[in-house]
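If you want the building blocks of each chain, they are given just below.
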Amino acid sequence: MRQLSLRLCVLFVLLFTGASALMAQQLVPGDIAIIGVHTNSPNSFIVVALKDVQPGQVITFTDNAWISASNNFQTAEGYLEWTLTSGLSAGATATFTYSSSWSVATGSLNPGGTFAFNNSGDQIIAFAGDWANRPTTGSDTKFLWAFSMCNFGYLPVSPNFSSDCPSVLANYSTALN
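Here we summarise the structure given alongside this text. Just so it is clear, the structure is predicted and the values come from calculations on it, not from any experiment. (Residues numbered from 1 in each chain as written. Predicted model: local features only at pLDDT ≥ 70, side-chain atom pairs only at ≥ 80, totals over all residues. Heavy atoms only, no water.)

**Topic: the packing of aromatic side chains**
- Within this structure, the stated rule accounts for 19 aromatic pairs.
- Summarising the aromatic geometry, the rings of Trp 102 and Phe 117 are spaced 5.9 Å apart at their centres and angled 65° between planes, so their arrangement reads as edge-to-face. Separated by 15 residues along the polypeptide, Trp 102 in strand S8 (residues 102–104) and Phe 117 in the loop between strand S9 (108–113) and strand S10 (123–128) bring together distant segments of the chain. Across the pair, Phe 117 and Trp 102 agree in class, each one buried.
- Chaining the aromatic ring pairs together yields one cluster made of Phe 45, Phe 61, Trp 82, Phe 96, Tyr 98, Trp 102, Phe 115 and Phe 117. (Phe/Tyr/Trp six-rings, centres within 6.5 Å; stacked < 30°, edge-to-face > 60°. Helix = DSSP H or I, 4+ residues; strand = E, 2+ residues; numbered from the N terminus. Buried < 20%, exposed > 50% of the residue type's maximum accessible area, 1.4 Å probe, protein only.)

In structure tokens:
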């Protein structure tokens, strides 16, 4: 009986610490920040990790507008799915640059659509996970950061230049415009 109790205790500890390790790897709003954007040729942007980002993490960046009224992204523009192969330490930066295609020094990129910045105004919204599993509500904690080159606020007459700010980011001041 004592041996069974010991085995159950060990199993419990292993399960608990394993679950804690998995939860610690999940990114939340504000864990990364977009700190620079260049809209002229070549397009580029810089991301800084505000906490350690684990290898294998996928972060998607999109210039598609977020539309709060319908809780979805416009899909006329594009996205970059970034898979970190070696992780990114807190304080480290990654620069994404477009020449004939998008590149980044660490990890791999999977582009979709046309991800390009417009000088008249645009935005970059970052979220954890891939495009197929993108957030579907403004309060979704998959959203990590939003950057707008003009004030946030979706304008149907300028859908490629404007975007609402997902509410989870506005509430925690993890968005810049």
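**Quick notes on the pairing of strand S11 (residues 143–148)**
- With six of six residues buried, S11 is to be regarded as a mostly interior element.
- Judged from the five bridges that link them, S10 and S11 form a sheet pairing that is antiparallel. Counted as the bridge partner of Ile 124 is Phe 147 from S11. (Pairing = 2+ DSSP bridges.)

**Describing the nonpolar core**
- Membership of the largest hydrophobic core comes to 27 residues, with the highest contact counts inside it found for Phe 45, Ile 59, Phe 61, Trp 82 and Phe 96.
- Of all elements in the fold, only strand S1 (32–38), strand S2 (44–49), strand S3 (58–62), strand S6 (78–83), strand S7 (93–98), S8, S10 and S11 reach the threshold of two or more residues within this core.
- For this core, the element with the highest residue contribution is S2, accounting for four residues.
- Beyond its immediate sequence surroundings of up to four residues, Phe 96 is in contact with Asn 43, Ser 44, Phe 45, Val 47, Phe 61, Leu 80, Trp 82, Trp 102, Ser 103, Val 104 and Leu 109.
- Core analysis: the next-biggest nonpolar cluster, separate from the first, contains 12 residues, Trp 66, Tyr 79, Phe 127 and Cys 165 among them. (Core = buried A, V, L, I, M, F, W, Y, C linked by side-chain atoms within 4.5 Å. Contact = heavy atoms within 4.5 Å.)

**A look at the pattern of salt bridges**
- Overall, the coordinates contain one salt bridge when judged by the stated rule.
- Put simply, Lys 51 and Asp 31 hold a salt bridge, and the shortest N to O gap is 3.7 Å. Within this pair, whereas Lys 51 is found in the loop between S2 and S3, its partner Asp 31 is found in the loop between helix H1 (2–25) and S1, the two being separated by 20 residues in sequence.
- Residue classification places Asp 31 among the buried positions, given a relative accessible area of 9%. (Salt bridge = Lys/Arg side-chain N within 4 Å of Asp/Glu carboxyl O.)

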